[in-house]
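Descriptive analysis of the structure
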Amino acid sequence: MVTRLSHIVSLISFSVLNLGAFTTAFANEIDANIDLRYRLESVSQDNELKDGLASTLRSRLNLLVKPLDAWSVRVEVDNVTVLGGETYNSTANGHANYSVVADPSGTDVNQAWVRYSHGPGTFITAGRQQVNHLNQRFIGGVGWRQNEQTFDGYRVQHQSEDALSYDIGHYHNVNRIFGPDGNAADEKGSFVAAVATWQLAPEHQLGLFGYDFEFDNPQMRSSRTYGVDYRGAFAKYANLRWELTVAEQTEVDNTPNSFTHHYHRVALIWAAKPVTFTLGQERLAGDGVSAFQTPLATLHAFSGFADVFLTTPNNGLRDNWISASSAVFGGKWVATWHDFKSDAGAINYGNEWDLVGSYKLTARLNGLFKAARYDGEQHAVDTTKVWLMFQYKL
């Protein structure tokens, strides 16, 4: 481990010195930075698996070059190093007798794209890139994991100063969080993703989205999804806001079975200073044979941090939750309680407590503590997860 740490420190020092000199020489054309993120994650499950403990460091080098006024190029390289023994199942290290922590070690090109600016606010991008739509429920980068999810393809984006913005892309490969090596590192297919938003008023935004996902892998279910997202606030009560999303998902041509499933997410947010309360429900419909799925979403952000619902059960899922957030004890804290039930069949899946606290330790260093406790009934086993993370940017 000492040898690995020495190698990492040498690499970072060399990169900082050289990138700093390079940036100084071409200050108007180059932006370079380094992001270091250390995380300790423990997983304990009520089954025969050994408790997982992952100590990992993600080192990210990011370079943005603007050779011409209308053109820019970004290259982002990540390295995930295990500090200590691999006492966890990374999904790629063969340690199947441990609980899963999906942070495989390795070096990967996280982003590599060329972008053309076509007039004010319009961008055409080709290559490997981050794609985050709305709250990332349908497509996102899974930025929580050490190996981020990115997409290979091209897209057109428009971000105007008026009411309308849109993002339309076609991607042929998804670089999953299970990479950079292994059978699950890539997911190939034809993925069309489109979203448009209108700022109707300062406190009201309407969004329309559509996703056509056709996977080459027959084990991944292809689907077509359309929906509406609306966020607003009550005129007389500025501290009371709501979020509403509804969607419908159907099969596509290469899906063996036909289906139609519905989705909704509704939340009411009350900013009662110094505490903000959120009450909500998310429904992913199921009929006992299949259910509404979001395979390319930032799944960790939904249905509890214990990640027991990364795949929607065939009977569907209804997640009723309440959360409270506040700036206390020198940081920002959020506590959430989930009650999980099926959409069909009256099955009690269980409940979960989540807690997260974040601290800004210095101008460049942030700390985070996070914990999840899932008590299973008629679904997964009891699961406890705890995280401690530090992130340094320069």
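Let me begin by describing the structure that accompanies this report. (Residues numbered from 1 in each chain as written. Predicted model: local features only at pLDDT ≥ 70, side-chain atom pairs only at ≥ 80, totals over all residues. Heavy atoms only, no water.)

**Some thoughts on the overall build of the chain**
Helix and strand counts for the chain stand at one helix and 18 strands. On C-alpha atoms alone, the chain measures out to a radius of gyration of 22 Å, which is about the 21 Å that the 2.2 N^0.38 rule sets for 394 residues. Expressed along its principal axes, the backbone C-alpha trace of the chain runs to roughly 65 × 55 × 50 Å. At a minimum sequence separation of 6, the contacts of the chain that also span at least 24 residues come to 54%. When the 32 basic and 41 acidic side-chain charges of the chain are each reduced to a single mean position, those positions are 6 Å apart. (Helix = DSSP H or I, 4+ residues; strand = E, 2+ residues; numbered from the N terminus. Rg over C-alpha atoms; globule rule 2.2 N^0.38 Å. Contact = heavy atoms within 4.5 Å. Lys, Arg positive; Asp, Glu negative; His and termini not counted. Charge placed at Lys NZ, Arg CZ, Asp CG, Glu CD.)

**Topic: unusual backbone geometry**
Omega for the peptide link from G179 to P180 comes to 10°, which places this bond in the cis form. Of note, P180 is situated in the loop between β7 (164-175) and β8 (186-201). Here the amide bond leading from K273 into P274 is cis, since omega sits at 10°, within 30 degrees of zero. Following the sequence through the fold, P274 ends up in the loop between β12 (260-272) and β13 (275-284). Here the phi dihedral of L134 falls at roughly 50°; this positive angle occurs in a residue that is not glycine. Summarising the element assignment, L134 is placed in the loop between β5 (122-129) and β6 (150-159). For S303, which is not glycine, the phi torsion reads 60° and is therefore positive. Examined against the element boundaries, S303 turns out to sit in the loop between β13 and β14 (317-328).

**With respect to the pattern of salt bridges**
According to the stated counting rule, one finds 23 salt bridges in the structure shown. Taking the shortest distance from any N to any O, the salt bridge between R265 and E282 comes out at 3.6 Å. With R265 in strand β12 and E282 in strand β13, the pair connects residues that are 17 residues apart, well separated along the chain. Across this residue pair, the class does not change: R265 and E282 are buried. With a closest N to O distance of 3.9 Å, K385 and D307 form a salt bridge. Residue K385 is located in strand β18 (residues 383-393), and its partner D307 is located in the loop between β13 and β14; the two are separated by 78 residues in the primary sequence. (Salt bridge = Lys/Arg side-chain N within 4 Å of Asp/Glu carboxyl O. Buried < 20%, exposed > 50% of the residue type's maximum accessible area, 1.4 Å probe, protein only.)

**A word on the pairing of strand β10 (residues 223-233)**
Pairing of strand β9 (residues 204-215) with β10 involves nine bridges; the strand directions are antiparallel. Looking at β10, one finds that Q205 is bridged to R231. From the end of β10 to the start of strand β11 (residues 240-250), which pair antiparallel, there are six residues. (Pairing = 2+ DSSP bridges.)

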